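Chain and residue survey
Here are the chains, one letter per residue:
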Amino acid sequence: MTTMLPQGHETPSTHLPTAPPPQLMLEGVDESVKAAREYARKFVRYHLPDAGPDHTDDVVLVVSELVTNGIRYGAEPGDFVLVVLDADDRRTRVEVHDAARRRPRRRPESVERGRGRGLFIVEALAIWGTGERPMGKYVWAEVRAK
């Protein structure tokens, strides 16, 4: 059956929400940290619409810290970092892949440099670890649902 619309009327457009992809490739530059935070916030809001603001904020902060570390310590000029997110009703998993084999480690806090707190923050909000990949490593963290 064909429905005819009166002349002068156009077919109404349908805009279905598009899910953020599970992966985001970012240039290894400081400006990418902001893009990673925005991506994480959209991802959690879409995939976990019932998640509270605390869970969303925790995931965004973990993504921010891991991407910052990936760029600072795992990327050379021209490199990229890959952010992979996965979520269910129990937890949100974050992975940040970079080209360095060097494992992350806690560093002494430096007020002058404004560094040294990243992994302490991640550890306070999530469980985390590392894994190897053919051309580098990834750091993962799981933020439990609240």
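Residues numbered from 1 in each chain as written. Predicted model: local features only at pLDDT ≥ 70, side-chain atom pairs only at ≥ 80, totals over all residues. Heavy atoms only, no water.

This part covers the pairing of strand E4 (residues 127-133). Relative to strand E5 (residues 136-144), E4 runs antiparallel, the two sharing seven bridges. Along E5, the bridge assignment pairs Trp128 with Ala141. Linking E4 to E5, which pair antiparallel, is a turn of two residues. (Pairing = 2+ DSSP bridges. Helix = DSSP H or I, 4+ residues; strand = E, 2+ residues; numbered from the N terminus.)

We now examine the nonpolar core. Counting residues in each nonpolar core, the largest one holds 25 residues, and the members touching the most others are Val59, Val62, Val63, Leu66, Val67, Leu85 and Val94. Looking at this core, the elements with two or more residues in it are helix H1 (32-47), helix H2 (53-74), strand E2 (80-87), strand E3 (91-98) and E5. Residue contributions to this core peak at seven residues, all from H2. (Core = buried A, V, L, I, M, F, W, Y, C linked by side-chain atoms within 4.5 Å. Buried < 20%, exposed > 50% of the residue type's maximum accessible area, 1.4 Å probe, protein only.)

Moving on, we get to the environment of Phe43. Locating Phe43 in the fold gives a position in helix H1. Residue class for Phe43 comes out buried when judged on its relative accessible area of 3%. Separated by 49 residues in sequence, Phe43 and Thr92 have C-alpha atoms that sit 10.0 Å apart.

Of all the positions in helix H3 (residues 118-125), only Gly118, Leu119 and Val122 are classed as buried. Projected down its long axis, H3 carries its buried residues within an arc of 90°, all on one side. Where H3 is buried, its residues meet H2, E4 and E5. (Arc of directions from axis to C-beta. Contact = heavy atoms within 4.5 Å.)

On to the packing of H2 against H3. A pair of packed helices is captured by two measures, namely the crossing angle of their axes and the spacing between those axes. Closest axis-to-axis distance for the H2/H3 pair is 9 Å, and the angle between their directions is 150°. Taken together, the axes of H2 and H3 lie roughly antiparallel to each other. Helix-helix and strand crossings are classified by hand; for H2 and H3 the assignment is left-handed. Note on element contacts: H3 touches H2 through Gly118, Leu119, Ile121, Val122 and Leu125, opposite Asp58, Leu61, Val62, Glu65, Leu66 and Asn69. (Axes fitted to C-alpha atoms, helices over the stretch in contact; angles between N-to-C directions. Parallel < 35°, antiparallel > 145°, perpendicular 65-115°, else oblique. Left-handed = near helix turned anticlockwise from the far one by under 90°.)

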